[in-house]
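Spelled out from the first residue to the last, the chains are:
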Amino acid sequence: MGNAQSPAGRGAPAWHSLPAGEAMAAMASRRDGLTAEEAAERLRRHGPNRLPPPKARSAAARFLAQFDNLLIAVLLVAGAITLGLRHWVDSGVIFGVVLINALIGQLQEGKAEKALEAIRRMLSPQATVLRDRRRQAIDAEGVVPGDVVLLEPGDRVPADVRLLETRNLQVQEALLTGESLPVEKGEAPVDPAAPLGDRCSMAYAGTLVTRGSGWGVVVATALESELGGISSMLRSVEKLETPLLKQIRQFSRWLTAAILALAAATFLVGVLVHHFALPDMFLGAVGLAVAAIPEGLPAVITITLAIGVQRMARRSAIVRRLPAVETLGSVTVICSDKTGTLTRNEMTVRRVALRGGVVEVQGVGYGPEGTLRREGRELPPEALPELVEAARGGALCSDSELQLRDGEWSVSGDPMEGALLALAAKSGLDLPALASQMPRLDAIPFDPERRLMATAHPGPAGRVLYVKGAPEVLLELSSWQRAPGGGREPLEPAYWLARVEEIASRGERALAIATRELDREPASLSPEDVGDLTLLAVAGIADPPRPEAIAAVGHCLRAGIDVKMVTGDHALTAQAIGAQLGLRGHSSMTGAELDTHDDAQLAGRALETDVFARMNPAHKLRLVRALQARGKVTAMTGDGVNDAPALKQADVGIAMGRGGTEVSKEAAELVLADDNFATIAAAVEEGRTVYDNVKKAITFILPTNLGEALTIVAAVAVGTTLPITAVQILWVNMITAVTLALAIAFEPAEQGIMLRPPRRPDEPILSGFLLWRVGFVSALLLVGVFGLYLLERRLGASVAVARTVAVNVLVACEAAYLLNSRFIEASALNRSGLLGSRLAWGAIGLVAALQVLFTYAPPFQKLFDTRALGAGSWARVFAVAVGLLLAVEVEKAILRRLHGRPPRGTAQAGRAESPWTLGPRPSRAH
């Protein structure tokens, strides 16, 4: 998007830089507006002033689209296999999970379509225009290029308008620029290269008039407007596949190939080596495939993600797309909006420069709570009469008011004035009493050209004048300054300029307050009265960082996650806030600088830079793409319409729930209920926990299937009877997947989870270490199951009894391995590790009860061909299970020693709270 082009990039002039007359001439318009015939012809040529609706899909098509997902496809295949084998309970569970997931997706479907629809609703439903030399109210859809539009307070701007005349006009543009304060507007042209937030001669579609009035000529409507350009960008963004879905797809391909190869090899060995009959070996190969396919795994992964969603919701993070839960755990860069996310979105007077020194003001927001400090000492207001006088002047020279609603203070009006009113309250002034004692007699409203406001009030000798405005303006108009202790003395400009520079270097906005006593009672104030002022103070006003955001940024950096602050605010302010947050604030980039870089250059600079200022929607989108081009898994936060394209492009889009627009929420995967950056850090921890639990579930379930498969392979290899039948295999898979494996999904975070670096996006879900663990446990299961089967046969047991022992030892070993699997590396041989999870022991108890029925209940004996077991058989079963538990713990200890890792993360330590997360951890079933 070039600086000399229209926002939508259509090659039109930079309207904000054209003189008013030229803009009017270019649009072939007049000051008294178009005629009805001209408007009708332009409406035919340009079309209605509305954004095109998204292509609608039927409810059936949206429902079927929910199955276009690799996880769901794996579930459907597993369900079909179990259904074909008439395993009704298992297939019912799997298809139930699929249906619930599809229904949830149906409700959440159409994120991009809803985002586009929400943008369409941002256009004003009504507009006031001049047509046929008359003022007319028309539907905003009928506004055409060249129309003369009139703007009043409360109006939503219907199209992009080049302003031709303004009176104290102020427009809230946060939804486009992200800047929290309303923008003062005027008709004077600005630099062609001015960023969006500095184009003071323009009013853009969808923004809100907060003060004053004005009129101008429409230069762009519908898709040609700035809002339309965002809509077009949103349409062009393609959603990326999450790391988990990529890994599951790769894992599924690998597992399918391995199972088919193993089944084929077993078939060939049975036929060619042992000369088994072809039909028997075909059934054996099918049984091996059934044994090896982890049909319960997709359901457990889906449930693990769903549990992560619930946990995040308890911590004020609402997940809109299930796979985004896990993606959070792999985030390597968080691009965060400044206003309201990293900061409070409440302007606060941080310091007041007086002639006698600088007073620091404690307390944030618009509440009256806070103390006054000078040179590190807390002082009462009566010890600072000069500050009290300045605070009185700032409060009286204000059109805003503070309001207490639901226990929270807010400002009705200008946020800067709200900060001055809060300063007055902290200075001990009673605001209602002050307004009553010194009522306003007259005022000169704020003028963006004069950059000041003045009010007159009753004074000791006539009238007292209070003025607030830009420091450089009031310094020009002042001859005096308030001396320490009272009285006045000649102005020292150098002193005040140094204080203004000091305030600016901290990223604060400087606002000067002055006074003048008039010995007469003028009928009304005039600009000539605003002179020979006595300068009282210069206030430093800022939107301070949230304390919890500062802590959260630090923890993200320690976790190996880069944090980038992306804002529409000015560079100096952004640098100061970045430095307070612990970012590399000295290294910043503006949107104008970004435009000078090609994609390759930007990708390099983006990694080195933490603070991005004066950024528009296209800049944010390019930044996200540049980071992704360097292999970064990127999260992007935002709350305005301007953020929607970048939110959709990011791997994880994070919208603000309280202050965000519906457009941003619909474009995002995650919505923060409290608009707090600290919640993002907590969500990342939960995402890492979810990924850990997915890995634990896989490393728990796969050995069962691989152990079963290896048992069949071993039986074929030695030419003996299969130790477990196909129906018995399905029984084991079902009860372990829906009971034991499910307990893994509820495991909380292990100790130190936020001290690890983010995992690589291309890291396979089964690392070499986890593959070793799966193979090691599978080998133990093979030895235990096949060995005990052969031992039972040697002791004289029938095939049915030996098979019953084999099934029970397999399930018992799985129950023991569940205790191992609660920690991938840490030891479980302690009180908390063995007894710390009530849910795990509940699952083990349920499985034990089912195995008793499996072994002794006549209906189960008939269905599964099982037999009752004696005490000796049970003793051998339990001995093998305990042996497996101890063997895995020995393996963990050896690997920890080989890798040089301390025995961190004992089960008890693994339960420790994260010291930096806010609020209670989710309740646990442990």
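Residues numbered from 1 in each chain as written. Predicted model: local features only at pLDDT ≥ 70, side-chain atom pairs only at ≥ 80, totals over all residues. Heavy atoms only, no water.

1. Description of the overall build of the protein
Thinking step 1. When helices and strands are counted, the protein shows 33 helices and 28 strands.
Thinking step 2. Evaluated residue by residue, the protein yields a buried proportion of 57% over its 926 residues.
Thinking step 3. The long-range share in the protein, meaning contacts at least 24 apart out of those at least 6 apart in sequence, stands at 72%. (Helix = DSSP H or I, 4+ residues; strand = E, 2+ residues; numbered from the N terminus. Buried < 20%, exposed > 50% of the residue type's maximum accessible area, 1.4 Å probe, protein only. Contact = heavy atoms within 4.5 Å.)

2. Description of the nonpolar core
Thinking step 1. Counting 115 residues, the largest nonpolar core has Ile 334, Leu 670 and Phe 677 as its most contacted members.
Thinking step 2. Among residues more than four places away in sequence, those in contact with Leu 670 are Met 312, Ala 317, Ile 318, Val 319, Leu 328, Gly 653, Ile 654, Ala 655 and Ala 683.
Thinking step 3. Counting residues in hydrophobic clusters, the runner-up holds 39 residues, among them Val 361, Ala 422, Leu 423 and Val 464. (Core = buried A, V, L, I, M, F, W, Y, C linked by side-chain atoms within 4.5 Å.)

3. Notes on the packing of aromatic side chains
Thinking step 1. Summed over the entire model, instances satisfying the criterion amount to 9 aromatic pairs.
Thinking step 2. Here Tyr 495 and Trp 496 contribute two aromatic rings whose centre-to-centre distance is 5.2 Å and whose plane-to-plane angle is 85°, an arrangement assigned as edge-to-face.
Thinking step 3. Where Trp 772 meets Phe 776, the ring centres are 5.4 Å apart and the plane angle is 25°; that geometry is what we call stacked. One end of the pair, Trp 772, and the other, Phe 776, are both in helix α28 (residues 768–794), 4 residues apart, so they sit about a helical turn from each other.
Thinking step 4. The side chain of Arg 488 reaches across the aromatic face of Trp 480, ending 4.0 Å from its centre. (Phe/Tyr/Trp six-rings, centres within 6.5 Å; stacked < 30°, edge-to-face > 60°. Lys NZ or Arg CZ within 6 Å of the ring centre and 35° of its normal.)

4. Details of helix α22 (residues 599–608)
Along an α-helix, residues three or four positions apart point the same way, because every turn accommodates 3.6 residues.
Thinking step 1. Regarding α22, the residues found buried are Leu 602, Ala 603, Gly 604 and Ala 606.
Thinking step 2. On its buried face, α22 sits against β23 (562–566), β24 (588–590), α21 (591–595), β25 (611–613) and α23 (617–629).

5. Some remarks on the sheet that holds strand β28 (residues 670–672)
Each strand in a sheet pairs with its neighbour through backbone hydrogen bonds, running either in the same direction (parallel) or in the opposite one (antiparallel).
Thinking step 1. Ordered by their spatial adjacency, 8 strands build an open sheet running β8-β28-β27-β26-β9-β23-β25-β24, and the pairing between neighbours is mixed. Each having just a single partner strand, β8 (317–319) and β24 make up the two edges of the open sheet. Within this sheet the neighbouring strands show an average axis-to-axis angle of 20°, counted without direction.
Thinking step 2. With 3 bridges connecting them, strand β27 (residues 652–656) and β28 associate as parallel partners. Its bridge partner being in β28, Ala 655 is matched across the sheet by Val 671. (Pairing = 2+ DSSP bridges. Axes fitted to C-alpha atoms, helices over the stretch in contact; angles between N-to-C directions.)

6. Some points on the side chain of Thr 221
Thinking step 1. By the element assignment, Thr 221 lies in the loop between β7 (208–220) and α8 (226–236).
Thinking step 2. Discounting residues that sit within four places of it in the chain, Thr 221 has contacts with Asn 49, Val 143, Val 144, Pro 145 and Ala 159.

7. With respect to the environment of His 597
Thinking step 1. Residue position: His 597 is located in the loop between α21 and α22.
Thinking step 2. For His 597, a relative accessible area of 16% puts it in the buried group.
Thinking step 3. Beyond its immediate stretch of four places on either side in the chain, His 597 contacts Met 589, Leu 602, Arg 605 and Arg 622.
Thinking step 4. Here Thr 596 takes part through its side chain, which lies 3.1 Å from a polar atom of the side chain of His 597. (Polar contact = N/O pair within 3.5 Å; in protein donor to acceptor, adjacent residues only side chain to side chain.)

8. Quick notes on the packing of helix α29 (residues 799–821) against helix α33 (residues 871–898)
Thinking step 1. Orientation of α29 relative to α33, taken along the N-to-C sense of each, is 35°, at an axis distance of 8 Å. The chirality of how α29 crosses α33 is right-handed. Listed contacts from α33 to Val 805, Asn 808, Val 809, Ala 812, Cys 813, Ala 816, Tyr 817, Leu 819 and Asn 820 of α29 are Ser 873, Trp 874, Val 877, Val 880, Ala 881, Leu 884, Leu 885, Val 888, Glu 889 and Lys 892.
Thinking step 2. For the contact of α29 with α33, the class distribution of residues is 14 nonpolar, 3 polar and 2 charged. (Left-handed = near helix turned anticlockwise from the far one by under 90°. Nonpolar A, V, L, I, M, F, W, Y, C, P; charged D, E, K, R; others polar.)

9. As for the environment of Ala 815
Thinking step 1. Mapped onto the elements, Ala 815 comes out in helix α29.
Thinking step 2. Distance in space between the C-alpha atoms of Ala 815 and Val 882 is 9.9 Å, their sequence separation being 67 residues.
Thinking step 3. Among residues more than four places away in sequence, those in contact with Ala 815 are Leu 740 and Ile 844.

10. Examining the confidence of the model for the protein
Thinking step 1. Mean pLDDT over the protein: 81, with 82% of residues reaching 70 or higher.
Thinking step 2. Across residues 108–113, confidence stays below pLDDT 50; counting only partners more than four residues off in sequence or on other chains, it has 19 contacts. (pLDDT = per-residue confidence, 0-100.)

11. A look at α28
Thinking step 1. Taking 1.5 Å per residue as the helical rise, α28 with its 27 residues ought to reach 39 Å, and the 38 Å between its terminal C-alpha atoms agrees with that figure.
Thinking step 2. Just downstream of α28 lies Gly 796, where phi reads positive at about 100°. (Expected span 1.5 Å × (residues − 1).)

12. So, the pairing of strand β4 (residues 160–172)
Thinking step 1. The buried count for β4 comes to 10 of 13 residues, which makes it a mostly enclosed element.
Thinking step 2. Across 10 bridges, β4 lies against β7 in antiparallel orientation. Residue pairing for β7: Asp 160 is matched across the bridge by Ala 220.
Thinking step 3. Two elements, β4 and strand β6 (residues 202–203), share 2 bridges in a ladder whose sense is antiparallel.

13. Quick word on unusual backbone geometry
Thinking step 1. Unlike most non-glycine residues, Ala 28 shows phi in positive territory, near 50°.
Thinking step 2. The exposure class assigned to Ala 28 is partly exposed, which follows from its relative accessible area of 46%.
Thinking step 3. Although it is not a glycine, Arg 133 adopts a positive phi angle of roughly 65°.
Thinking step 4. For Arg 133, the position within the fold is in the loop between β1 (126–131) and β2 (134–139).
Thinking step 5. Given a relative accessible area of 69%, Arg 133 falls into the exposed group.

14. Comments concerning a nonpolar patch on the surface
Thinking step 1. Side chains of Leu 268, Val 269, Leu 272 and Val 273 sit close together on the surface and give an oily, nonpolar patch of about 360 Å² of accessible area.
Thinking step 2. Classification of Leu 272 by relative accessible area gives exposed; the value is 60%. (Patch = residues over 30% accessible without salt bridge, like charges linked within 9 Å, V, L, I, M, F, W, Y side chains within 5 Å. Areas by Shrake-Rupley, 256 points an atom, 1.4 Å probe, with all protein chains shown as cover. Salt bridge = Lys/Arg side-chain N within 4 Å of Asp/Glu carboxyl O.)

15. Some points on the pattern of salt bridges
Thinking step 1. Scanning the model with the defined rule gives 30 salt bridges in all.
Thinking step 2. With its nearest N and O atoms 2.8 Å apart, the salt bridge here joins Glu 389 to Arg 482. Here Arg 482 lies in strand β19 (residues 478–482) and Glu 389 lies in helix α14 (residues 385–396), a separation of 93 residues in the sequence. Exposure class is identical for Glu 389 and Arg 482. Each is buried.
Thinking step 3. Of the charged contacts in the structure, one is a salt bridge between Arg 499 and Glu 502, with a shortest N-O distance of 3.4 Å. With Arg 499 and Glu 502 both in helix α18 (residues 493–505), this residue pair falls 3 residues apart, about one helical turn.
Thinking step 4. Residue Glu 502 is classed as partly exposed on the basis of its relative accessible area of 31%.
Thinking step 5. Among the ionic contacts, a cluster of salt bridges with common partners joins Arg 30, Asp 32, Glu 38 and Arg 133.

16. With respect to the pairing of strand β9 (residues 333–337)
Thinking step 1. Within β9, 5 of the 5 residues are buried, which leaves the element mostly enclosed by the surrounding structure.
Thinking step 2. Residues of β9 alternate between two faces, with Val 333, Cys 335 and Asp 337 on one and Ile 334 and Ser 336 on the opposite face, all of them buried.
Thinking step 3. Judged from the 5 bridges that link them, β9 and β23 form a sheet pairing that is parallel. Note that in β23 the partner of Asp 337 across the bridge is Val 566.
Thinking step 4. Direction of pairing for β9 relative to strand β26 (residues 634–638): parallel, over a ladder of 3 bridges. The residue of β26 that forms the bridge with Val 333 is Thr 634.

17. A closer look at the environment of Gly 418
Thinking step 1. One can find Gly 418 in helix α15 (residues 415–426).
Thinking step 2. Among the residues examined, Gly 418 registers a relative accessible area of 0% and is labelled buried.

18. Digging into the side chain of Asn 820
Thinking step 1. Positionally, Asn 820 belongs in helix α29.
Thinking step 2. Look at Asn 820 and you get buried, because its relative accessible area is 0%.
Thinking step 3. For Asn 820, the side chain forms a polar contact with the side chain of Glu 889, separated by 2.7 Å.
Thinking step 4. Ignoring anything within four residues of it in the chain, the contact list for Asn 820 reads Leu 884, Leu 885, Val 888, Glu 889 and Lys 892.

19. Section: the packing of α14 against α15
Thinking step 1. At their nearest, the axes of α14 and α15 sit 8 Å apart, and the two run at 140° to each other. One way to sum up the angle between α14 and α15 is to call them oblique. Handedness of the crossing formed by α14 with α15: left-handed. Counted together, Ala 391, Gly 394 and Ala 395 of α14 and Leu 420, Leu 421, Leu 423 and Ala 424 of α15 form the full contact between these two elements. (Parallel < 35°, antiparallel > 145°, perpendicular 65-115°, else oblique.)

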